[in-house]
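Given next are the chains, with one letter for each unit.
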Amino acid sequence: MVDTKENKKSSGNYGADQIQVLEGLAAVRKRPGMYIGSTDVTGLHHLVWEIVDNAIDESMAGFCNNISIIIHADGALSVEDDGRGIPVDKQKQTGKSALETVLTILHAGGKFGDGGYKVSGGLHGVGVSVVNALSTKLVAEVYRDGNVYMQEYKKGDAVAEVKVMGKTEKQGTKILFYPDDGIFDTVVFDFNTILARLRQQAYLTKAVQISLLDEREEGRKYSFYFEGGIKSYVEHLNKSKENIGGIFYIEKTMPEGVVEISLQYNNTFQETIYTFANNIHTVDGGSHLTGFKAALTRTINAYARKFEVLKEKDDNLLADDVREGLTAVLSVKLADPQFEGQTKAKLGNAEMRTAVEAVFNEAFNQYLEENPNDARGVIGKCLLASRARLAARAARDTVIRKGALEGMTLPGKLADCSNKDPANCELFVVEGDSAGGSAKQGRNRDIQAILPLKGKILNVEQSRLDKILANNEVKSLIIAIGVGIGESFDIEKLRYHKIVIMTDADVDGAHIRTLILTLFYRYFKKLIEDGYIYIAQSPLYKVAVGKSLKYAYNDKEKEDILAGLSKDAKYSIQRYKGLGEMNPEQLWETTMDPEKRLLLRVTIDDAERADAVFDTLMGAEVLPRKKFIQAYAKKVKNLDI
Ligand code: 28G
């Protein structure tokens, strides 16, 4: 076998770790949560991220152009890349190949001596050996030096030596694994979750083709390839908007790491900034974001002064003014990322602030100088924002003074609960009056309140705060929740610790859910962050066998119920088209009873996705919306938000 330089370099590191290492994988199976966060569906997907991240690393290192992910019908998932292939030659010290070492030895932090920038941080980067340990079976294939090598593992242990299986022209690595159903609550991979993540990774990794095939369902196949990297991301985010100027893009390698920034303004009032460090979404921002914001305000003010758009007597534009209508993606890569905060989603490295600030200052200033038309548009927009800010504050103050919210009585259609401790109380936001009626009759009056909402509540996308407050459906919802809005927001006044969105399992229901989630995401983010927002799961089918009733929440459950019936059992199936078709007891039993129901807690990721879908559905331009609806009309039913 070929002895590569890299292997000689790395082989010395493992001998000393051997014993500790053997304990290592047993520890992973004993306390999986310590390594992958949890053993629920989120933990399950961490296995996928771990493997995909390794392929992305190989691509960031410049060796891999294609990554293909397959969700197999038998429960396995496989990832294949066309990189160099994990080395398979035996290492003197360990007596094991690099392949077996990587797959069976727990590497602290998952990083070992390759240099370069790695997708690692938070829960990621624990190493593929963790995936191996938590799989009933894993098969690794390496295509290297014209050969196909293969090794199989069970629960982290190699079943046999690395074998040569045959010849190949291919190069790369393929990992196929079956997550252990004795460890995970569920071993069913979610197509939409994986797709969303892959799309994001594809944007962040220039010129790599990432494809996803779901063999469980015919025709579920997607492929992403973005020539322009994060520039394509900005283009995508602004697709359905009316844009101001072109797309700015800079990539620069600094001593501190690589800084990549793209942005474009649009004529909405929203600010959308996505930040990443080593491809990890830093939801809570951090040093790179701070540097970017500082430089943005500075360059725009400097340019406006220089060309006397801002006169001597004028105040500087504020940071808020220069971010209205801004869509930006900021991606940094650094050798030793420090992730801070409770969720480890904030970049800590102080040196990144100055690096980003310096890169962006220079490049954006140059862009403004070289593109005077864009510059004029952007600055015009910022001046407008500044004026609108003052006007809006006045308008909002008036609305609030008029008592739009405060001191207002609870809405008439709210059927409140009697318990007065918010920690015990739940608010069901229900689509339509008829389902609202069933929910009111079926509920536990002590702790469950019902608020029926009519149809499409409001297009919040293009409205300012004062206008949103004026909408009756939104007003009822906000008053019922109790926390106020905007500057008067006060989480202490929250009236229910569970706010449950309960909509029909159809296109309209998905749309209304998107609307409500978007409203929360844009104006009550803290409610989502603190975990107060839920989505009710109502059954899709009722199967009646004689006198016994069974409910199925998806097609698979229905099939399972039918498969469990004796051969000649007489049964009937009802497919619920809406919540309104259930009587009060059924609604209680299947969807509302705290003892039996299944609630999905909404995460910021979910809401972000809803927000993006919402943009496309509701955005300023009619054409892309039409296209989206035509293209997805059939799929919208499955919208997983
Ligand atoms: C298919 C699923 C996920 C990967 C590589 C390529 C190399 C590698 C991976 O090396 C061991 C330790 C430090 C060098 C590196 C191949 C250098 C030369 C690689 C993946 C050896 C790990 N040739 N591709 N690991 N290093 N793809 N895809 O996991 O010294 S992992």
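Structure first, text after, so check above.
Rules used in this analysis
Residues numbered from 1 in each chain as written. Predicted model: local features only at pLDDT ≥ 70, side-chain atom pairs only at ≥ 80, totals over all residues. Heavy atoms only, no water. Helix = DSSP H or I, 4+ residues; strand = E, 2+ residues; numbered from the N terminus. Buried < 20%, exposed > 50% of the residue type's maximum accessible area, 1.4 Å probe, protein only. Contact = heavy atoms within 4.5 Å. Areas by Shrake-Rupley, 256 points an atom, 1.4 Å probe, with all protein chains shown as cover. Pairing = 2+ DSSP bridges. Phe/Tyr/Trp six-rings, centres within 6.5 Å; stacked < 30°, edge-to-face > 60°. Lys NZ or Arg CZ within 6 Å of the ring centre and 35° of its normal. Axes fitted to C-alpha atoms, helices over the stretch in contact; angles between N-to-C directions. Polar contact = N/O pair within 3.5 Å; in protein donor to acceptor, adjacent residues only side chain to side chain.

A. A look at the overall build of the chain. The number of helices and strands found in the chain is 21 helices and 24 strands. By residue count, 53% of the 641 residues in the chain fall in the buried class. A fraction of 69% describes how many contacts in the chain between residues 6 or more apart in sequence connect residues 24 or more apart. Within the structure as shown, the chain displays about 29600 Å² of accessible surface, and the carbon and sulfur contribution to it stands at 50%.

B. Spotlight on the pairing of strand β20 (residues 533-536). Judged by which residues are buried, β20 turns out to be covered on both faces: Ile-533 and Ile-535 on one side and Tyr-534 and Ala-536 on the other are all buried. Judged from the 3 bridges that link them, strand β19 (residues 498-502) and β20 form a sheet pairing that is parallel. Paired with Val-500 across the bridge in β20 is Tyr-534. Across 3 bridges, β20 lies against strand β24 (residues 599-601) in antiparallel orientation. Directly across from Ala-536, in β24, lies its bridge partner Leu-599.

C. Structural detail: the environment of Gly-62. Take Gly-62: it is sitting in the loop between α4 (41-60) and β1 (66-71). Looking at Gly-62, the relative accessible area reads 59%, which means it is exposed. Between the C-alpha atoms of Gly-62 and Arg-84, which are 22 residues apart in sequence, the distance is 10.0 Å.

D. Structural view of the packing of aromatic side chains. Considering all chains together, one arrives at 17 aromatic pairs under this definition. Here the aromatic rings of Phe-191 and Tyr-222 are separated by 5.8 Å at their centres, their planes lie at 50°, and the arrangement is tilted. Of the two residues, Phe-191 sits in helix α7 (residues 191-204) while Tyr-222 sits in strand β9 (residues 220-224), which places them 31 residues apart along the sequence. Relative accessible area serves as the criterion here: at 3%, Phe-191 is assigned to the buried category. With relative accessibility at 18%, the residue Tyr-222 sits in the buried group. Between Phe-292 and Phe-360, the aromatic rings sit 4.8 Å apart at their centres with planes inclined by 50°, giving tilted as the arrangement. Residue Phe-292 is found in helix α9 (residues 287-306), and its partner Phe-360 is found in helix α11 (residues 351-370); the two are separated by 68 residues along the sequence. Across this residue pair, the class does not change: Phe-292 and Phe-360 are buried. Ring pairs connect the aromatic residues Phe-191, Tyr-203, Tyr-222, Phe-224, Phe-226, Tyr-233, Tyr-274 and Phe-276, which therefore count as one cluster. One residue, Arg-84, lies across the ring of Phe-63, its end atom 3.8 Å from the ring centre. For Lys-170, the ring lying beneath its charged end belongs to Tyr-143, and the centroid distance is 4.3 Å.

E. Region of the structure containing the sheet that holds strand β22 (residues 548-552). As summarised here, the arrangement of the 3 strands in space is β22-β21-β23, forming an open sheet in which the pairing is antiparallel. Each edge of the open sheet is held by one strand with a lone partner, namely β22 and β23 (571-575). For this sheet, the mean inter-axis angle between neighbouring strands, taken without regard to orientation, is 20°. When strand β21 (residues 541-545) meets β23, the two strands line up antiparallel, connected through 5 bridges.

F. Inspection of the sheet that holds strand β11 (residues 257-266) at higher detail. With respect to topology, 5 strands assemble into an open sheet ordered β10-β11-β14-β12-β13, the strand pairing being mixed. Each edge of the open sheet carries a strand with a single partner, namely β10 (243-254) and β13 (280-281). Of the strands in this sheet, β11, β12 (272-277) and β14 (326-333) touch α9, which is tilted by about 130° from β14. Across the sheet, α11 lies against β10, β11 and β14, angled at about 135° from β10, the strand it touches most.

G. Broad picture of the side chain of Thr-268. With respect to the element layout, Thr-268 can be found in the loop between β11 and β12. Within polar-contact distance, the side chain of Thr-268 engages the side chain of Asn-266 at 2.6 Å. In this structure the side chain of Thr-268 is engaged in a polar contact, spanning 3.3 Å, whose partner is the backbone nitrogen of Gln-270.

H. Structural context of helix α15 (residues 472-481). Of all 10 residues in α15, 9 are buried; the element is thus mostly enclosed. Among the residues making up α15, those that are buried are Glu-473, Val-474, Lys-475, Ser-476, Leu-477, Ile-478, Ile-479, Ala-480 and Ile-481.

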